[in-house]
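# What the coordinates show
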Amino acid sequence: MALKQISSNKCCEGFQKVFEHDSTELKCKMKFGIYLPPKAESGKCPVLYWLSGLTCNEQNFITKAAYHQVASELGIIVVAPDTSPRGCNIDGEEESWDFGTGAGFYVNATEDPWKTNYRMYSYIVEELPQLVNGNFPTDPDRISVFGHSMGGHGALVCALKNPGKYKSVSAFAPICNPIQCPWGQKAFGGYLGSDPSKWEAYDATHLVKTYSGSQLDILIDQGKDDQFLAAGQLLPDNFIAACTERKIPVVFRLQEVRFKCRRFS
C-alpha cells in the first residue's frame, strides 16, 4: 500500500513524520503520525500505538504529549493515527463533536450509513499495523497500545479482544463502561444499532468479564478532579470491579492535581 509523506521533522535525534494513505477499511484517505527513534536507523524497534480521544486527529498527541525524548532514549516507535474517517460525505457526520468525524469510538459500525466507512476497530487492529510493519523497522512481536478518554476505551477494547497481541495496555481517563454512559450510548446506538446486547463487544467492562487470554499488564491513570469522571462518563470503578472479580491484575492510579495556574491581573 502506497504511503505519501506529508511532513518530516528532526526531533530528539529521531524523526517525527506524518504519512497519508488510502485506507481499504475506511474507504477514504487517512493520516497517521509516526516517530522513528535513532535506533530505528540500525535495527528493529518495538511499537507503541497511541489512540486519541474525542475531537482529536493525528496531530494532537504529536504536538501536546512531549513524548519524543523518552521514545528516543528507549528506542520505541510511536504511531498516532486519526480518530475517525474523514471527508466521507455522510449525512450528519459533522453535526456533533461526540459522534461522526473525530469520534469513531474504535468500533466497526454495523448500521447505515456508517458501516461502510466507520470501521476504526479493524483499521487500528489489522490494517494500520500491517502498513506500519511493512514500511518501517518494527519488531511485530513487541507491540503495545495506549490512549486517552475515547482512545483509552479503544486501547482497552483492542487489548481485551486480542489476547497476546499487545504486551501492555495503558489508558488515561478512559471511557471504561461505555454502554452505561451518555457518550457511549449515543455512539453505540448510532454505529451499532438499538440492541444494547450488541454493544457489549466494544465495552471493556463487559469484555474483561469473559477474558480468558494470556496475562495482560493493564494500567489506568485517572485525574481525581476530572469533570467527566464526576459526570459519570468514565466509570473506572465498574471496570476495576470486573477485573477484581475475574482476578485480572490492573494498576489504577487516581492522580491529585499537581499544580494550578495562577491568575495575574
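Conventions adopted
- Residues numbered from 1 in each chain as written.
- Predicted model: local features only at pLDDT ≥ 70, side-chain atom pairs only at ≥ 80, totals over all residues.
- Heavy atoms only, no water.
- Buried < 20%, exposed > 50% of the residue type's maximum accessible area, 1.4 Å probe, protein only.
- Helix = DSSP H or I, 4+ residues; strand = E, 2+ residues; numbered from the N terminus.
- Pairing = 2+ DSSP bridges.
- Salt bridge = Lys/Arg side-chain N within 4 Å of Asp/Glu carboxyl O.
- Phe/Tyr/Trp six-rings, centres within 6.5 Å; stacked < 30°, edge-to-face > 60°.
- Lys NZ or Arg CZ within 6 Å of the ring centre and 35° of its normal.
- Expected span 1.5 Å × (residues − 1).
- Polar contact = N/O pair within 3.5 Å; in protein donor to acceptor, adjacent residues only side chain to side chain.
- Contact = heavy atoms within 4.5 Å.

## Looking at the pairing of strand S5 (residues 77-81)
Consecutive residues of a regular strand have side chains that alternate between opposite faces of the sheet. Along S5, five of the five residues are buried, which leaves the element largely enclosed by surrounding structure. Side-chain alternation along S5 places Ile77, Val79 and Pro81 on one buried face and Val78 and Ala80 on a second face that is also buried. With four bridges joining them, strand S3 (residues 28-36) and S5 adopt antiparallel strand pairing. By the bridge assignment, Phe32 is partnered in S5 with Pro81.

## Some details on the pattern of salt bridges
This structure, assessed with the given rule, holds eight salt bridges. Asp22 is the salt-bridge partner of Lys29, the closest N and O atoms lying 2.9 Å from each other.

## Observations regarding the pairing of strand S4 (residues 45-51)
Burial within S4 is extensive, with six of its seven residues counted as buried. Looking at chain direction, S4 and strand S6 (residues 138-148) are connected through six bridges and run parallel. Opposite Leu48, over in S6, you have Ser144 as the bridge partner.

## Some thoughts on the environment of Gly43
As for its position among the elements, Gly43 is in the loop between S3 and S4. Using a relative accessible area of 25% as the deciding quantity, one classes Gly43 as partly exposed. Measuring from C-alpha to C-alpha, the distance between Gly43 and Thr110 comes to 41 Å, with 67 residues separating the pair along the chain.

## Describing unusual backbone geometry
Excluding glycine, residues mostly have negative phi values, and the peptide bonds linking residues are mostly trans. Here Asp112 and Pro113 are connected by a cis peptide whose omega angle stands at 0°. Counting through the fold element by element, Pro113 comes out in the loop between S5 and helix H3 (120-135). With phi around 60°, Asn89 is a residue other than glycine that occupies positive phi space. Of note, Asn89 is situated in the loop between S5 and H3. Of note in this structure, Ser149 is not a glycine but carries a positive phi near 60°. Mapped onto the secondary structure, Ser149 falls in the loop between S6 and helix H4 (150-161). Residue class for Ser149 comes out buried when judged on its relative accessible area of 10%.

## Observations regarding the packing of aromatic side chains
Tallied over the full model, the rule gives 19 aromatic pairs. Plain terms: the ring middles of Phe61 and Tyr67 are 4.6 Å apart, the flat faces sit at 15° to each other, and that makes the pair stacked. Ring pairing ties together the aromatic residues Tyr35, Trp50, Phe61, Tyr67, Phe146 and Phe172, which thus form one cluster. Across the ring face of Phe15, the terminal group of Lys17 is positioned such that the distance to the ring centre comes to 5.1 Å. For the cation-ring pair, Lys161 lies above Tyr121, with the distance from its terminal atom to the ring centre recorded as 5.5 Å.

## Observations regarding H4
Think of an α-helix as turning once every 3.6 residues; residues three or four places apart then point the same way. Here H4 spans 16 Å end to end across 12 residues, near enough to the 16 Å set by a 1.5 Å rise per residue. Burial analysis of H4 places 11 of its 12 residues in the buried class, which makes it a mostly covered element. Buried within H4 we find Met150, Gly151, Gly152, His153, Gly154, Ala155, Leu156, Val157, Cys158, Ala159 and Leu160.

## Topic: the side chain of Ser23
With respect to the helices, strands and loops of the structure, Ser23 is situated in strand S2 (residues 14-23). Classification of Ser23 as buried rests on a relative accessible area of 6%. At a separation of 3.0 Å, a polar atom in the side chain of Ser23 contacts the main-chain amide nitrogen of Leu26. Within the structure, the side chain of Ser23 is placed 2.9 Å from the side chain of Glu127, a separation counted as a polar contact. Once residues lying within four places of it in the same chain are set aside, the contact partners of Ser23 are Cys28, Met30, Tyr123 and Glu127.

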